[in-house]
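Examination of the molecular architecture
Listed below are the residues making up each chain.
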Amino acid sequence: LLLPLVGQAQFLEGVEYTRVGPQPVETGSKIEVREFFWYGCPHCFSLEPSVEKWLKTMPKNVQFVRTPAVFNEQWAVHARAYYAFETLGITAKMHNPLFHALHVDKRPLLSADSIAAFVAEKGGDRKAFLDAYNSFGMQANVNRATQAGHAYRIESVPTLIVDGKYMTNANIAGGYDRAMQVVDFLIKRAAAERSAPKK
């Protein structure tokens with residue numbers, strides 16, 4: 001009797017995920033999957049392989065959004081670094097290497113200058129990074145990330161939010177790969193809710 005259910009995992013509200021928000025999404029017609037993270041967080045580093053694997057099979061009706069969590073000034077340094085990577089179009093080149101440098105190589109990349117030197121090591125432009133990091137609009141990015149964290153009442157990272165209204169993480173889901181399975185389940189739920197007739 002259990003065989004037909006294989007591959008059709010069902011997850012329970014209040015167990016593997018909770019309801020949050022709802023908050024408006026930035027992705028229009030696509031379902032938003034938002035990850036709150038911090039480069040200094042070992043659990044975020046551990047989730048990355050599962051996220052990278054999931055991104056390769058991400059449904060076409062979904063858009064993935066990374067949001068650096070900002071709980072204090074140290075976290076803000078890493079948030080600025082992330083948005084500087086985005087500004088320069090080097091996120092794919094720097095995101096995982098920065099995680100690796102912090103957690104595997106145990107490098108204290110905690111300041112703009114140290115991260116700029118790291119960027120240069122990886123073939124990036126040190127000055128361009130610092131210009132982006134210190135740019136006029138950068139504080140607005142950090143403020144938006146901070147406000148998003150407050151809106152969703154983020155208390156820990158990594159946290160995954162689906163379509164502005166469902167939250168899961170590896171802790172409640174039961175593991176890193178399982179968290180992404182919960183995300184897939186919630187994407188289907190969110191898609192069904194979007195297409196349901198309005199009452």
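**What about the overall build of the protein?**
- Assigned secondary structure in the protein consists of 8 helices and 5 strands.
- Across the protein, helices and strands are ordered from the amino to the carboxyl terminus as β-β-α-β-α-α-α-α-α-β-β-α-α.
- For 199 residues, the compact-globule estimate of 2.2 N^0.38 gives 16 Å, and the C-alpha radius of gyration of the protein, at 18 Å, lies within 12% of that figure.
- With the C-alpha coordinates aligned to their principal axes, the bounding extent of the protein is approximately 60 × 35 × 30 Å.
- When the 199 residues of the protein are sorted by exposure, 46% land in the buried category.

**Concerning the layout of surface pockets**
- Of the pockets and cavities examined, the largest pocket occupies roughly 330 Å³.
- Every residue lining the largest pocket is counted, 18 residues in all, and those nearest its centre are E26, R34, T67, R144 and A148.
- Within the residue set of the lining of the largest pocket, elements represented by two or more residues are strand 2 (31–37), strand 3 (62–68), helix 2 (73–88) and helix 6 (138–151).
- In terms of residues, the lining of the largest pocket owes the most to one element, helix 6, which gives 6 residues.
- Looking at the lining of the largest pocket residue by residue, the class counts come to 8 nonpolar, 4 polar and 6 charged.

**Some words on the pattern of salt bridges**
- Scanning all chains against the criterion turns up 15 salt bridges.
- With a closest N to O distance of 3.3 Å, E48 and R66 form a salt bridge. Linking E48 in helix 1 (residues 42–55) with R66 in strand 3, this pair joins segments that are 18 residues apart in sequence.
- Under the relative-accessibility criterion, E48 is labelled buried at 3%.
- For K127, the salt bridge is made with D131, and the minimal N-O distance between the two is 2.7 Å. Taken together, the residues K127 and D131, both in helix 5 (residues 126–133) and 4 residues apart, mark about one turn of the helix.

**Considering the side chain of T67**
- Note that T67 resides in strand 3.
- Note on T67: relative accessible area 2%, which makes it buried.
- Apart from residues lying up to four places away in sequence, T67 is in contact with R34, E35, F36, F37, Y83 and A145.

Conventions adopted
Residues numbered from 1 in each chain as written. Predicted model: local features only at pLDDT ≥ 70, side-chain atom pairs only at ≥ 80, totals over all residues. Heavy atoms only, no water. Helix = DSSP H or I, 4+ residues; strand = E, 2+ residues; numbered from the N terminus. Rg over C-alpha atoms; globule rule 2.2 N^0.38 Å. Buried < 20%, exposed > 50% of the residue type's maximum accessible area, 1.4 Å probe, protein only. 1 Å grid on protein atoms, 1.4 Å probe; cavity = no way out; pocket = protein on both sides within 12 Å on 5 of 7 lines; lining within 4 Å. Points joined across faces, edges and corners; volume = space filled by probe spheres on them. Nonpolar A, V, L, I, M, F, W, Y, C, P; charged D, E, K, R; others polar. Salt bridge = Lys/Arg side-chain N within 4 Å of Asp/Glu carboxyl O. Contact = heavy atoms within 4.5 Å.

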